[in-house]
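Per-entry structural report
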Amino acid sequence: MTESDNTWFTLLTMNTNQAHFNAEVGAASEFGRPLMVSTLTLAIAIGQSVIDTTQNAFANLGLDEVRLTAPVYAGDTLWSESLVLEKRESKSRPQAGIVTIRTRTLNQHGGEVLSFVRTFYIHRRGADAARSLFPTAKEPLSRRGTADS
């Protein structure tokens, strides 16, 4: 997380709370420095979870129990992990399922800074829409960097 990330996100979302970008306001707060925008932290955590959870999802259905459990500052490194809480077949979409996960985000010290529950629609294994978009290579991958090596 960088000051630039924070500044761009405050501009993009029109967040005018100076606790996120005014060093004097941050210094005078109980935190002693500017905070990262909490919705940026949430957006990054959701993004970090995509590769493991929603790569084949087609719709978010809910975001619940969002807890901002510790402040996040410029310079922090964030890591997120998710646990599947529930999964079921969709009654209205036979090629889809509904999955609910709990995600938590940790800072570089292992402290939790955020947690939430997210529910989403996902294509079922074998469904046409769940096929991989990764292209098939014309030549096999070689240890030497080219197929002819």
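Heads up: the structure comes first, above all this text.
Here is a short report on the structure shown in this document. Here the structure is a predicted model, which means the values were calculated and not measured. (Residues numbered from 1 in each chain as written. Predicted model: local features only at pLDDT ≥ 70, side-chain atom pairs only at ≥ 80, totals over all residues. Heavy atoms only, no water.)

1. Considering the pattern of salt bridges
All chains considered together, the criterion is met by three salt bridges. With a closest N to O distance of 3.1 Å, Glu65 and Arg102 form a salt bridge. Of this pair, Glu65 sits in strand S1 (residues 57-67) while Arg102 sits in strand S3 (residues 96-106), placing them 37 residues apart in sequence. Under the relative-accessibility criterion, Arg102 is labelled partly exposed at 32%. (Salt bridge = Lys/Arg side-chain N within 4 Å of Asp/Glu carboxyl O. Helix = DSSP H or I, 4+ residues; strand = E, 2+ residues; numbered from the N terminus. Buried < 20%, exposed > 50% of the residue type's maximum accessible area, 1.4 Å probe, protein only.)

2. Considerations on unusual backbone geometry
Most peptide bonds take the trans configuration, and most residues that are not glycine carry a negative phi. Despite not being glycine, Met14 shows a phi value in the positive range, around 60°. Mapped onto the elements, Met14 comes out in the loop between helix H1 (3-13) and helix H2 (23-28). Taking the relative accessible area as the measure of exposure, Met14 reaches 69% and is therefore exposed. Non-glycine residue Glu65 carries a positive phi angle of around 50°. Glu65 gets classed as partly exposed once you look at its relative accessible area, which sits at 42%.

3. A closer look at the layout of surface pockets
Approximately 550 Å³ is the volume found for the largest pocket. In terms of lining residues, the largest pocket is bounded by 22 residues, among which Lys87, Val99, Ile122, His123 and Arg125 are the most central. If one sorts the elements of the lining of the largest pocket by residue count, S3 sits on top with five residues. Counted as a void, the second largest pocket has a volume near 190 Å³. Along its surface, the second largest pocket is lined by 13 residues, and Glu3, Asn6, His20, Pro34 and Ala74 are the ones closest to its centre. With three residues, the top contributor of residues to the lining of the second largest pocket is H1. Looking at the lining of the second largest pocket, its residues break down into seven nonpolar, four polar and two charged. (1 Å grid on protein atoms, 1.4 Å probe; cavity = no way out; pocket = protein on both sides within 12 Å on 5 of 7 lines; lining within 4 Å. Points joined across faces, edges and corners; volume = space filled by probe spheres on them. Nonpolar A, V, L, I, M, F, W, Y, C, P; charged D, E, K, R; others polar.)

4. Brief notes about the side chain of Ser90
The topology assignment puts Ser90 in the loop between strand S2 (79-89) and S3. Of the residues examined, Ser90 reaches a relative accessible area of 8% and is grouped as buried. A distance of 3.0 Å separates a polar side-chain atom of Ser90 from the backbone nitrogen of Arg93. With sequence-adjacent residues up to four places away left out, Ser90 is seen in contact with Ala96, Gly97 and Tyr121. (Polar contact = N/O pair within 3.5 Å; in protein donor to acceptor, adjacent residues only side chain to side chain. Contact = heavy atoms within 4.5 Å.)

5. Describing the packing of aromatic side chains
On inspection of all chains with the given rule, the structure shows one aromatic pair. Ring centres of Phe58 and Tyr121 lie 5.2 Å apart, and the angle between their planes is 10°; on these two criteria the pair is classed as stacked. Residue Phe58 is found in strand S1, and its partner Tyr121 is found in strand S4 (residues 112-123); the two are separated by 63 residues along the sequence. On the accessibility criterion, Tyr121 (11% relative accessible area) is buried. Above the ring of Tyr73, the side-chain terminus of Arg33 is found at 3.6 Å from the ring centroid. One cation-aromatic arrangement involves Arg93 over Tyr121; the distance from NZ or CZ to the ring centre is 4.7 Å. (Phe/Tyr/Trp six-rings, centres within 6.5 Å; stacked < 30°, edge-to-face > 60°. Lys NZ or Arg CZ within 6 Å of the ring centre and 35° of its normal.)

Honestly, it's all geometry; don't read function into it.
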